Structures are given as structure tokens and as C-alpha cells.
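Chain by chain, the residues:
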Amino acid sequence: MQTIRGFRDILPEHIALWQKVEKVAIDLFEAFGFKEIRIPVLEKTQLFARSIGEATDIVEKEMYTFADRKGDKLTLRPEATASIVRSYIQHKMYATDPVRKFFMTGPMFRRERPQKGRYRQFYQIDAEVFGVESGFIDSQLIYLLNELFKRLGLTGLSAHINSLGCPKCRPSFQKALLEFLELKKDKLCDNCLRRIDKNPLRILDCKGQDCHAAIKDAPATLDYLCNDCSEHFDLVKTTLEEQGVDFIVDKTLVRGLDYYTRTAWEILTDSLGAQSAVAGGGRYDGLVKELGGPDTPAIGFAIGFDRLVEVMEQISQNPSDSGLDLFIISIGDIAMKKGYLWSCELNQAGISTEIDYRGKSLKALMKRANKFNARYVLIVGETEINQNAAVLRNMNTKDQDSIDIDTLIPELIKIFK
Ligand code: AMP
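It should be emphasised that the depicted structure is a prediction, and the values quoted were computed from it without experimental measurement.

Enquirer: Summarise the overall build of the protein chain; cite the residues concerned and give the values.
Expert: If you tally the helices and strands in the protein chain, you get 16 helices and 16 strands. Taking the principal axes of the C-alpha coordinates as reference, the protein chain spans close to 95 × 50 × 40 Å. Residues classed as buried in the protein chain amount to 51% of the 417 residues present. Averaging the positions of the 57 positive and the 59 negative side-chain charges in the protein chain gives two centres separated by 4 Å.

Enquirer: Before we move on, can you summarise the packing of helix α1 (residues 12–31) against helix α6 (residues 135–151) with the specific residues and values?
Expert: What describes two packed helices is the angle between their axes and the distance between those same axes. Contact pair α1 / α6: the axes reach a minimum separation of 10 Å and the direction vectors enclose 145°. For the pair α1 and α6, the sense of crossing is right-handed. The residues of α6 that touch α1, namely those facing Val 24, Ala 25, Leu 28 and Phe 29, are Leu 144, Glu 147, Leu 148 and Arg 151. Counted by class, the contact of α1 with α6 contains six nonpolar, no polar and two charged residues.

Enquirer: Pulling in residues and values, what's your account of the sheet that holds strand β16 (residues 400–404)?
Expert: Strand order across the open sheet formed by five strands is β13-β12-β14-β15-β16, with mixed pairing between neighbours. Every interior strand has two partners, whereas the edge strands, β13 (353–355) and β16, have only one. Between one strand axis and the next, the sheet turns by 25° as a mean value, whatever way the strands run. Note that strand β14 (residues 374–380) and strand β15 (residues 389–394) share four bridges and pair antiparallel. Bridged to Tyr 376 within β15 is Asn 394. Along the sheet face, helix α14 (residues 362–371) touches β12 (324–330), β14 and β15 and points at about 170° away from the line of β12.

Enquirer: For the nonpolar core, give the residues involved together with the corresponding values.
Expert: Core analysis: the largest hydrophobic core is formed by 49 residues, its most contacted members being Ile 84, Val 85, Phe 130, Leu 181, Leu 188 and Leu 204. With five residues, helix α4 (residues 81–90) is the largest single contributor of residues to this core. Excluding its chain neighbours within four sequence positions, the residues that come into contact with Ile 84 are Ile 37, Ile 39, Phe 102, Met 104, Asp 126, Glu 128 and Phe 130. Listed in part, the 48 residues of the second largest apolar core include Phe 32, Leu 152, Ile 161 and Cys 229.

Enquirer: How would you sum up the sheet that holds strand β3 (residues 65–67)? Please name residues and give values.
Expert: To summarise the sheet geometry, strands pair through backbone hydrogen bonds and adopt either a parallel or an antiparallel arrangement. Pairing is antiparallel across the open sheet formed by three strands, whose spatial order is β2-β4-β3. Two strands close off the open sheet at either side, each with one partner strand: β2 (42–44) and β3. Here the strands of the sheet are splayed against their neighbours by 35° on average, with no regard to which way each runs. Bridging between β3 and strand β4 (residues 73–76) involves three bridges; their strand directions are antiparallel. The residue of β4 that forms the bridge with Ala 67 is Lys 73. Helix α2 (residues 45–52) rests against β2, β3 and β4 of the sheet, and its axis sits at about 75° to β2.

Enquirer: Run through the pattern of salt bridges, naming residues and quoting values.
Expert: Evaluated as defined, the whole model comprises 28 salt bridges. In this structure, a network of salt bridges that share partners links the residues Asp 57, Glu 60, Lys 61, Arg 194 and Arg 195.

Enquirer: Which residues make up the site of the ligand, and what values do they have?
Expert: Residues in contact with the ligand amount to 14 residues; listed here are only the nearest, Arg 110, Glu 112, Tyr 119, Arg 255 and Ala 277. Arg 255 is positioned such that a nitrogen or oxygen atom in its side chain is 2.7 Å from an oxygen atom of the ligand. Where the shell around the ligand is concerned, the elements lending two or more residues are β6 (121–130), β10 (277–283) and β11 (298–304). The leading source of residues in the shell around the ligand is β10, at three residues. By residue class, the composition of the shell around the ligand is six nonpolar, three polar and five charged.

Enquirer: Help me get a handle on helix α16 (residues 408–416), residues and values and all.
Expert: Residues of α16 that are buried include every one of Leu 408, Ile 409, Leu 412 and Phe 416, and no others. Buried residues along α16 cover an arc of 90° about the axis, so they all sit on one side.

Enquirer: Lay out a nonpolar patch on the surface with the relevant residues and their values.
Expert: A surface patch of nonpolar side chains, amounting to about 220 Å² of accessible area, comprises Val 41, Leu 42 and Phe 66. Examined against the element boundaries, Phe 66 turns out to sit in strand β3.

Enquirer: Could you give an account of the pairing of strand β9 (residues 261–269), with specific residues and numbers?
Expert: For β9, a buried count of eight out of nine residues is recorded, marking the element as mostly surrounded by other parts of the structure. Pairing of strand β7 (residues 157–163) with β9 involves seven bridges; the strand directions are antiparallel. Within the sheet, the bridge partner assigned to His 160 lies in β9 and is Glu 266. Here six bridges tie β9 to β10, and the two strands are oriented antiparallel to one another. If you follow Thr 261 over to β10, its bridge partner there is Arg 283.

Enquirer: Describe in detail the layout of surface pockets, supporting the description with residues and values.
Expert: Put simply, the second largest pocket is a space of about 490 Å³. Forming the walls of the second largest pocket are 19 residues, and the residues nearest its centre are Pro 167, Thr 261, Asp 285, Gly 286 and Leu 287. Listing elements by their share of the lining of the second largest pocket, those giving two or more residues are α2, β9 and α11 (287–290). Here the residues of the lining of the second largest pocket sort into five nonpolar, four polar and 10 charged.

Conventions and cut-offs
Residues numbered from 1 in each chain as written. Predicted model: local features only at pLDDT ≥ 70, side-chain atom pairs only at ≥ 80, totals over all residues. Heavy atoms only, no water. Helix = DSSP H or I, 4+ residues; strand = E, 2+ residues; numbered from the N terminus. Buried < 20%, exposed > 50% of the residue type's maximum accessible area, 1.4 Å probe, protein only. Lys, Arg positive; Asp, Glu negative; His and termini not counted. Charge placed at Lys NZ, Arg CZ, Asp CG, Glu CD. Axes fitted to C-alpha atoms, helices over the stretch in contact; angles between N-to-C directions. Left-handed = near helix turned anticlockwise from the far one by under 90°. Contact = heavy atoms within 4.5 Å. Nonpolar A, V, L, I, M, F, W, Y, C, P; charged D, E, K, R; others polar. Pairing = 2+ DSSP bridges. Core = buried A, V, L, I, M, F, W, Y, C linked by side-chain atoms within 4.5 Å. Salt bridge = Lys/Arg side-chain N within 4 Å of Asp/Glu carboxyl O. Near = heavy atom within 4 Å. Polar contact = N/O pair within 3.5 Å; in protein donor to acceptor, adjacent residues only side chain to side chain. Arc of directions from axis to C-beta. Patch = residues over 30% accessible without salt bridge, like charges linked within 9 Å, V, L, I, M, F, W, Y side chains within 5 Å. Areas by Shrake-Rupley, 256 points an atom, 1.4 Å probe, with all protein chains shown as cover. 1 Å grid on protein atoms, 1.4 Å probe; cavity = no way out; pocket = protein on both sides within 12 Å on 5 of 7 lines; lining within 4 Å. Points joined across faces, edges and corners; volume = space filled by probe spheres on them.

Here it is in C-alpha cells:
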């Protein structure tokens, strides 16, 4: 049996970096006032179709959607924002305090063409803020991402930012875009032609080479912003400048989901080839209302966890296995029972301890202790039981001491604490 295409195991030898990233991220989120939220991996299909947009790649081609036994249409979540908005509304969180900050980590599912850095089950670290319209929060999220990557020792990243405008300025942009696309119709792929009427903004996101060339000089949302959106974007930019966060204003950045308004951004890396985006985010001021909640501004980002780890693997060694505190070598049945009981007691006290139950020779077990990178080895056989003393060997210095079995546990705890 093998994993499904695009799905993979993350094996224990790779986990240290995942855990390191998660720890650094959680510490940072908590310092910035974010609270963890956990949401289901399965939701009603309609939630994603309505929020991400019917005419997006994700909804049209990439979702894992199926009917359950009762015929309800369900989808494995392709992203987190829609579910978190659903949760915000379902639990009426806005009623007690509309301003909320959440983070989460977990798997997402998209049926894309798998390649390095692109999987069908991938992981995201996600942050969302509800109830704040001010551009300061846009800057803060980009600043936070910058700080996270700095703490993880990443270089070679660039933040691309854009403003996608709001429902007030969209119509004039859309008009200009449609006029432009009308002239390029013969150069667009079938998919884009189909989207002209449904969702022309998505054409700006087409990855096809011909479309890409055809839309090179397409109108940009940035040139059609209303005064409010302009001022909002100016505040984001000047704040980032003041905070020393480098960014590039990228008029062509549109993101692949429909719900974005105003500030949108991506963090790109130069070290992952084609899959260069390690994080993306933006404002979605209309989505809470669209999904049935009160009119609430909101903004968030998602980091591609798999890609982030891949970038880190290129620059750093996987943090080495910190090894084991104690390996117990028990020879004979009585010693084995004692060794087992001690190992449980020590594990319970927070001391990493291993024991081998297979009745191997002392030589084989010393080898095994080395394999575990054990700091100490405790040897107990029939002789030791008779003398009521076990032998403790420091694997670094090779010094050996005899420890009274009656006081063994407190003695060991003293050594390791
Ligand atoms: P998105 O929700 O599409 O903005 O994605 C946010 C981030 O998730 C991207 O910048 C990528 O780093 C990561 N990501 C998206 N799709 C995949 C995928 N199929 N495999 C791995 N990472 C992904």
C-alpha cells in the first residue's frame, strides 16, 4: 500500500524543524494577542464555493468534494479563512467583542498537480483578525510575518504588496479591465474566455504563458483606487517603511481567491523554483457579511508550512536529535521487571528513558544505548540485584558509579533535574 498521489508522510527524522517552526510561530502569535482556534477539516461545499468564489481554480478544479451517505455535499477544506469566518458568525463572537485575533495550523487539501513544494495535502499556519478596519493591522500582519521569518533565520524573501480596492472602486476598474480584455480575446485560453463574464479579475491570475503575455499591460486595481482605499494603502506603506519592513508594490498581484479587498500580499522566496510563494494574505472586508454575519472588516494570511520547512532545510541542518537521558540495561527477569518499573517512574518524572525487553547481550545493549545517543546508561543484572546496587555509567566521561537501588529514583532525578 502506498500513500495517495500528492499526499505524504512526514517522518520522525523531519519533524524537529516542523516543531521548531510551530513553536516560534505560536510564541510570536501569542505575544501579538492571537488565540488558537481549531476548526473541522470537513465543511459544507457551499461554504467554500460562496467565499473563495465559484469561478476560481480552487473551487472549479481543486476541491476534494463528495456526497456523504445522506447526499450532503461536503468538501475537505482547501484553506482556513472561510471556516474561521463561519465559526466567527456561528458562535456570534462579534456580539461580545467584534475584535478577534485567531491563529491555527493544520492540513489543507487541494487537488493540484503535485511537485516539490506543491502537495494535495499540505499544511498552513494561518492568522486572521476580525473587526479592525485600520491599515495599522495590515502593517502589523506583514510586520509579524517579517519578524517570524527573521526569527527562523530566513533570508532571500521579499514581500510583494498591492491594493485590490473595494466595492466602491471595483466597478470602474472592472470596466477598464473588460475593455482591455475585449481587445485580447484571441490570445486568451478557453478558461479565461469563459471567465470574462463570470470573473474577469481571475484572468489576471492565469498561469498560462500566452495569457500571461496578453495581460502584461492590463489595467491594475492600484490605478483605480478610490480616496479611502488610497489613503488606507498609503498608511500601510508608510507604517511598514517606518518599521523598517522592506516591500515591493506589485500592481500585478491579485491572489487566487475572490474574497480579497484592499491590501493583499505575498511573501516570495528565491530558493524554491516555481513554487515561490511561502505566504499570502489580504483583507476580506466583505466576507463576514457575505456569509451572513454583520458588516465586519477582516484580514488574514496563510503561510505554506511545507514550503517554509523546505526553505529552512536548505539553509539549516535539521536540529539534531537531542538524545536520551538514560538507557537502562537489564539482564535477567528480575532486573527486567525492576528496569521496567524504573523506566516508567523516570519517564513520568520527565526524564527520557528507554529500556530494551528483548533479552539481548550487554554488548548489544551498549550499542543500542549509543544509537539512542544516551547520556547515561544504568546497568542492572543478577549480581547488582544481589548487591542491591545498580551501575550508572556516564557515556561522555565513561565514569561509572554504583547507586543504591533503594534510593535509585531520587538519585537519578537529582542528576537529571
Ligand atoms: P493561498 O491560500 O493559496 O494563498 O496559499 C497560502 C500559502 O500556502 C501559499 O503561499 C503556499 O506557500 C501554500 N500553499 C498553497 N497551496 C499549496 C500546495 N498545494 N502545496 C503546498 N503549499 C501550498
